[in-house]
Structure formats: C-alpha cells, structure tokens
Amino acid sequence: MFGFAGAVKVWAILPVAVILVLTARRPRQAAVYAGGVALGFCAAVLPFALTAPTTFYRSVIIAQLVRNDLVRIPQGYRLQQMLGLAHVSQLATPALVIIGIVVVVAIAAISVLGARLAHSPPPALDWFATGTCALVAVAFLWPSDFYYHYPGFLAPFLALTLALPLSRLLAALPAGGTRRWPALVRRWTTVGAGVVLGVLTVFQVVAEAHEASGVPASEIAAVQRLIPPGACVATDQVSDTIAINRFVSAVPGCSLMIDGLGTDYALSNGRNGQTGAGSSPAVAAAWLAEFRAAGYAWLTTEQTRRIPWTPALTAYFRSHFVPLTGGPGGLYIRSAHPH
C-alpha cells in the first residue's frame, strides 16, 4: 500500500523511510518490507515506464524535481494551513510560528511524561508517527510550491503524533487517592475530544456550505448555450469544459491535452508559461496544436501561468480568434476571416 501511494504522490516515500530506519536492526524484515513497497510501486508505474521510459523519466521525475515557479508561497500561509487554521482570519507569521512551537512542545512534554509514568520508552508506532510528521512538515516548508490540499497528507500523522502519547499518558496515570480519578480523567478527555470534533464538524460544514465555483453559475450556463455539443474547445482549465459537458469533442484532430500546466512541466523540464516553457519547441508545438483545431477558446484568469504565449502563438491566436459576442470574458470563437 505504501508503494502504491508512492505512485500517486512522492510524499509517500517519507513514512517508508521512517519505517526502514525503525527496522534497520532487523534487516530481513526491512528487506521484506522494502520489497513489498517496490512491488506496490512498480505494479502501478511499470506499464507506463516501460511503454515510454524516456518520456516517463523526464515528465514524471525530472519535471517535478526541478519545477520552476516565479513566486514562493509564504511560510505563514503554509503554517496556517498545516495547523488546521485555514478558516481562521489571516494570522501573522510570528503568531503562527509561536502556535507551532507550542504544539511541538506540548507533544514532546506529553510524550516524555507518558514514558516516565509508564517506565518505558515510546513504542515504535509513536516514533513512526512523530518521525513521519516531522519529515512531512519539513517537506511542505521547503519547496517553493505549496497548495491548500497538501495538509491532507500531514493530517493523519499529526493526529497520531498527538493521540498516541496522550493515550499512553492517560493509561499511565497513577491512581492517587481514589482509583476512580484516572478513569474520570480518561472519560472526560474522551468527552472533550468528542465535543471538539463536533464543533469542528459544524465549522467545516458551514465553511463548505459557503464554497462557490471559481466560475459563476450564470457564466457556466451562458457558455453552455454558446458552445454547441461536440465542439472543439481550447482551454487552459479543462474542468471548466467538463462542467459544461464540452470536454469530449467530435471534431477530428481536436487536441487531447488535458493538463496544460502539467504538459508545460513535462516537456520543458519543470517550467511553466511564466518561467520559460515556451522556449521548448515541444511545448510550443503542443499549444499551437491545441488552438489550430479549436473552434472555440475559453481562457481563465490563470492562463498566463499555463499557456506559454510565445510571439508565434500570440500572433496565431490574435489572427484566428475573436471574442464571442454576448459571451463572458475569456470566451473566443474562431474568426470566419483570419487576419
């Protein structure tokens, strides 16, 4: 399962590394585990790697390792997302750093106190959770890119890092003057955790209820009326064409590009439209083919990051497409008289 996870996202190598370190004194067990990881990874990856090894290596490995973006995501934004404070009003970076330090110190204190009361060091599962959580946090703070969904990978390991030592601490509490006291502490801790989960669930439901599409519903309906079914639509964001049921085209030769930004990364060694992807002949050819067969173009406000507007591509687009009358901004139709 860890190997298959690695085929989905490279972060899965972090818990694998921690497990291999923890099993280093048992080389046979570590070797069996490593073999299982390799098997799970290769089962998902080999069909693609063997079919096109050079393209696979360049687009999946090299492009991701050397991805080049103009702007580095601020550390404050990352910390706020990673600490689960995404829906709290914007906090200053120093405040978030202090909150992070408090969380780390609390986890360490609970872990040490629990180990002392239990008269035994933390078990391997605790070390696995803590080690993985630390590695993932560093991995998310280091590169220039960071997206709001990344903390979803951190969440289970952070939860384990908090819950495991706390449960050991509660289990090791001395009886004191009355034997009921540890049981009461554990009971009310459980009740408190349930209340917190309930409150956070309400907050999450409220937040999700106010989420809205990046494209207004009125605009989606208007574009759906203006673009006929089966048309070939060039776009930098295919989810928009999926939303209006214009993703599949009946036009011969219509481009099959699905991920414009991913295409840039794959064919230009990790560059995008703003960082020089257009200097790659393969990228320029892919986007020119995207527009040559298209009868319509639907561009988003993020199109400059995804589309490498080379002089040749810009000239072709301006001479062959005009804004669609009555359509929203960013919607174009092929000109009947190219100029």
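Note that this is a predicted model, so its numbers are computed, not measured. (Residues numbered from 1 in each chain as written. Predicted model: local features only at pLDDT ≥ 70, side-chain atom pairs only at ≥ 80, totals over all residues. Heavy atoms only, no water.)

## Looking at the nonpolar core
Trp287, Phe291, Ile307, Phe317 and Phe321 are the most contacted members of the largest nonpolar core, which has 17 residues in total. Among the secondary structure elements, those contributing two or more residues to this core are α13 (281-292) and α15 (311-320). If you tally residues by element for this core, the top one is α13, at 4 residues. Formed by 13 residues, the second largest nonpolar core is a distinct cluster that contains Val18, Cys133, Phe140 and Phe146. (Core = buried A, V, L, I, M, F, W, Y, C linked by side-chain atoms within 4.5 Å. Buried < 20%, exposed > 50% of the residue type's maximum accessible area, 1.4 Å probe, protein only. Helix = DSSP H or I, 4+ residues; strand = E, 2+ residues; numbered from the N terminus.)

## So, the state of the cysteines
Summed over all chains, the structure comprises 1 disulfide. The disulfide bridge from Cys232 ends at Cys254, spanning 2.1 Å between sulfur atoms. The chirality of the disulfide connecting Cys232 with Cys254 is right-handed, given an S-S dihedral of about 85°. Here Cys232, found in the loop between α10 (217-226) and β1 (233-235), pairs with Cys254, found in the loop between α11 (238-243) and α12 (260-267); they are 22 residues apart in sequence, far enough to count as distant. Assessed through its relative accessible area of 2%, Cys232 is described here as buried. (Disulfide = S-S within 2.5 Å.)

## Observations concerning the sheet that holds β1
Taken in spatial order, the 4 strands make up an open sheet running β1-β2-β4-β3, and their pairing is mixed. The open sheet has two free edges, formed respectively by β1 and β3 (321-323), since each of these has just one partner strand. For this sheet, the mean inter-axis angle between neighbouring strands, taken without regard to orientation, is 30°. Pairing of β3 with strand β4 (residues 331-334) involves 3 bridges; the strand directions are antiparallel. Bridging from a neighbouring strand, Phe321 pairs with Arg334 of β4. (Pairing = 2+ DSSP bridges. Axes fitted to C-alpha atoms, helices over the stretch in contact; angles between N-to-C directions.)

## Examining the packing of aromatic side chains
Taken as a whole, this structure holds 18 aromatic pairs when the rule is applied. Measuring from ring centre to ring centre gives 6.3 Å for Phe2 and Tyr33, while their planes differ by 70°; the resulting arrangement is edge-to-face. Placement of the pair is Phe2 in helix α1 (residues 2-8) and Tyr33 in helix α3 (residues 27-51), with a sequence separation of 31 residues. According to the relative accessible area criterion, Phe2 is partly exposed, its value standing at 29%. Taking the centre distance of 5.4 Å and the plane angle of 70° together, the rings of Phe146 and Tyr150 count as edge-to-face. Classification of Tyr150 as buried rests on a relative accessible area of 9%. One aromatic cluster is present, built from ring pairs that chain together Trp11, Tyr77, Phe128, Phe140, Phe146, Tyr147, Tyr150, Phe153 and Phe157. (Phe/Tyr/Trp six-rings, centres within 6.5 Å; stacked < 30°, edge-to-face > 60°.)

## Looking at the packing of helix α4 (residues 53-65) against α12
The interhelical angle for the contact between α4 and α12, taken along N-to-C directions, is 90°, at an axis separation of 8 Å. By the criterion of interaxial angle, the relationship of α4 to α12 is roughly perpendicular. When α4 is examined against α12, the residues Arg58, Ser59 and Ala63 are found in contact with a partner set consisting of Tyr265, Ala266 and Leu267. Considering only residue class, the contact of α4 with α12 consists of 4 nonpolar, 1 polar and 1 charged. (Parallel < 35°, antiparallel > 145°, perpendicular 65-115°, else oblique. Contact = heavy atoms within 4.5 Å. Nonpolar A, V, L, I, M, F, W, Y, C, P; charged D, E, K, R; others polar.)

## Points about the side chain of Arg246
Note that Arg246 resides in the loop between α11 and α12. For the buried Arg246, no salt bridge exists, and the shortest N-O distance to an oppositely charged side chain is 13 Å, to Asp240. Among the polar contacts listed, one links the side chain of Arg246 to the backbone oxygen of Ile227, at a separation of 2.7 Å. In contact with Arg246, other than residues within four places in its own chain, are Gln224, Ile227, Pro228, Pro229, Ala231, Val233 and Thr241. (Lys, Arg positive; Asp, Glu negative; His and termini not counted. Salt bridge = Lys/Arg side-chain N within 4 Å of Asp/Glu carboxyl O. Polar contact = N/O pair within 3.5 Å; in protein donor to acceptor, adjacent residues only side chain to side chain.)

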